[in-house]
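Structure assessment
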Amino acid sequence: MTFTNRTALVTGAGRGIGKAIAETLAAKGVTVICVSKSASSCGGVADAITAAGGKAVARAVDVADGAAVTAAAEELLKEFGKIDILINNAGITRDGLLARMSEDDWNTVLQTNLTSCFHWTKAIGWPMCRARYGRIINIASVSGLMGNAGQANYAAAKAGMLGFTKSVAKEFAKRGVTANVVAPGFIKTDMTAELSEEVVKGATAMIPMQRFGEPADIANMCAYLASEEAGYITGQVFTVDGGMVM
Ligand code: NAP
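The structure contained in this document is the topic of the report that follows. (Residues numbered from 1 in each chain as written. Predicted model: local features only at pLDDT ≥ 70, side-chain atom pairs only at ≥ 80, totals over all residues. Heavy atoms only, no water.)

Some points on empty space enclosed by the protein
As enumerated under the stated definition, the model contains one cavity of 30 Å³ or more in all. Roughly 30 Å³ of volume is contained in the largest cavity. Contributing to the lining of the largest cavity are Thr11, Asn88, Asn89, Ala90, Thr112, Asn113, Ser116, Cys117, Ile139, Lys158 and Met161. For the lining of the largest cavity, the secondary structure elements donating two or more residues are helix H4 (103-131) and helix H6 (152-172). The element that contributes the greatest number of residues to the lining of the largest cavity is H4, accounting for four residues. (1 Å grid on protein atoms, 1.4 Å probe; cavity = no way out; pocket = protein on both sides within 12 Å on 5 of 7 lines; lining within 4 Å. Points joined across faces, edges and corners; volume = space filled by probe spheres on them. Helix = DSSP H or I, 4+ residues; strand = E, 2+ residues; numbered from the N terminus.)

This is the structure in structure tokens:
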């Protein structure tokens, strides 16, 4: 995989999948801007990458705050000159059956998972188009493909990311900027650590490989899609789920 003097911005890079993506890209020589909600989590990841000989900085940005995202993107573009790779990975769940789901649960999940992609992509995508190079990768979920009882808000947000990404892919294709979705199945992170033993058992039974994936499984797919070799792939959805959806 080739990365020639590339800079990536990874949201949700403080833990789990985003941390693995940041570390994987940094190990390939990419300068990584690690974004998370708390300064300590993205700061810890950026420090560890730097200590291992890579190049990384950290920025605490609440991705659910559109004005904060736009301001941070403008500042970072000035500081780094360009951002070649954007990975919208920050996400949250607020699960519950529809009858009990509050409007706040709905709005917060939509804003954090989906509207954040709109703000980051708008701010960073156009400079990519002007530079005639870019890779945008949005981390959705198999919930967005299949739906999931108790996740109407999350599944709607993740399904929305598919339509958003395909539209952006069509708008940006002529300018050398690709946009793709990676849809993970069950991956071992803090997000799935919250699941009850019963849910884990039921989920494992649905996975042909009979196990949850590792954050690195998602990071490796992202690294390929972010590389120069993936320049003819756009508007696609890649499930990485041990065969759960096929
Ligand atoms: P995680 O371990 O819970 O980590 C989430 C990361 O997102 C954290 O770094 C967190 O920041 C950041 N974040 C959350 N809200 C934010 C906000 N408002 N502003 C900025 N950063 C915010 O999650 P994960 O399991 O790695 O999931 C990563 C992505 O994969 C999510 O989009 C998730 O929906 C998707 N996904 C996960 C799975 C799975 O099985 N784990 C399956 C399908 C899809 P802090 O560190 O500061 O808290």
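Back to the text.
Brief notes about the packing of aromatic side chains
For the structure on display, the rule yields two aromatic pairs. Over the ring of Tyr133 we find Arg6; its NZ or CZ atom is 3.7 Å from the centre of that ring. (Phe/Tyr/Trp six-rings, centres within 6.5 Å; stacked < 30°, edge-to-face > 60°. Lys NZ or Arg CZ within 6 Å of the ring centre and 35° of its normal.)

Details of the packing of helix H3 (residues 66-80) against H4
The N-to-C vectors of H3 and H4 enclose an angle of 25°; their axes lie 8 Å apart at closest approach. Considering the angle they form, H3 stands roughly parallel to H4. Note on packing geometry: the crossing formed by H3 with H4 is right-handed. Only His119, Trp120, Ala123, Ile124 and Pro127 of H4 make contact with H3, whose side of the interface consists of Gly66, Val69, Thr70, Ala72, Ala73 and Leu77. Along the lines of polarity and charge, the residues of the contact of H3 with H4 split into eight nonpolar, three polar and no charged. (Axes fitted to C-alpha atoms, helices over the stretch in contact; angles between N-to-C directions. Parallel < 35°, antiparallel > 145°, perpendicular 65-115°, else oblique. Left-handed = near helix turned anticlockwise from the far one by under 90°. Contact = heavy atoms within 4.5 Å. Nonpolar A, V, L, I, M, F, W, Y, C, P; charged D, E, K, R; others polar.)

Some words on the sheet that holds strand S5 (residues 134-139)
A sheet is described by the order of its strands in space; here seven strands give the open sequence S3-S2-S1-S4-S5-S6-S7, paired in parallel fashion. Both outer strands of the open sheet, strand S3 (56-60) and strand S7 (237-240), are each paired with one neighbouring strand and no more. Taken over all neighbouring pairs, the strand axes of this sheet differ in orientation by 20° on average, direction set aside. Relative to S3, strand S2 (residues 31-36) is paired through five bridges, and the arrangement is parallel. From the neighbouring strand, Val35 faces S3, where its bridge partner is Arg59. Each of strand S1 (7-11), S2, strand S4 (85-88), S5 and strand S6 (177-184) is contacted by H4, which is oriented at about 170° to S4, the strand it contacts most. Set on the sheet, H6 makes contact with S4, S5, S6 and S7; between it and S6 the angle comes to about 160°. (Pairing = 2+ DSSP bridges.)

Things to note about helix H9 (residues 215-226)
Compared with the 16 Å implied by 1.5 Å per residue over twelve residues, the 16 Å span of H9 between its first and last C-alpha is a close match. Listing the buried residues of H9 in full gives Pro215, Ile218, Ala219, Cys222, Ala223, Leu225 and Ala226. The buried residues of H9 occupy one face: seen down the axis, they fall within an arc of 165°. (Expected span 1.5 Å × (residues − 1). Buried < 20%, exposed > 50% of the residue type's maximum accessible area, 1.4 Å probe, protein only. Arc of directions from axis to C-beta.)

Considering the pattern of salt bridges
A pair can form between side chains of opposite charge whenever their charged atoms are brought close. Scanning all chains against the criterion turns up nine salt bridges. The salt bridge partner of Lys82 is Asp84, with a shortest N-O separation of 2.8 Å. According to the relative accessible area criterion, Lys82 is partly exposed, its value standing at 29%. Beyond isolated ion pairs, a larger network of salt bridges with shared partners links Arg6, Lys82, Asp84 and Glu228. (Salt bridge = Lys/Arg side-chain N within 4 Å of Asp/Glu carboxyl O.)

Overview of the layout of surface pockets
The probe, sized like a water molecule, is rolled over the atoms to show the empty space still left. What the second largest pocket holds in volume is close to 150 Å³. Lining the second largest pocket, in full, are Phe118, Thr121, Lys122, Trp126, Phe164, Ser167, Val168, Glu171 and Phe172. Listing elements by their share of the lining of the second largest pocket, those giving two or more residues are H4 and H6. When residues in the lining of the second largest pocket are grouped by element, the largest group, five residues, is from H6.

A closer look at the nonpolar core
Among the nonpolar cores identified, the biggest contains 35 residues, and Leu9, Val35, Ile83, Leu86, Trp120, Ile124 and Ile136 are the most heavily contacted of them. Only S2, H3, H4, H6 and S6 provide two or more residues apiece to this core. For this core, the leading source of residues is H4, giving nine residues. Counting 31 residues, the second-largest nonpolar core is a separate cluster that includes Ala8, Ala22, Cys42 and Val240. (Core = buried A, V, L, I, M, F, W, Y, C linked by side-chain atoms within 4.5 Å.)

A closer look at unusual backbone geometry
For Arg132, which is not glycine, the phi dihedral falls at a positive 60°. By secondary structure assignment, the location of Arg132 is in the loop between H4 and S5. Residue class for Arg132 comes out exposed when judged on its relative accessible area of 52%.

Note that all results are geometric; they support no functional claim without further evidence.
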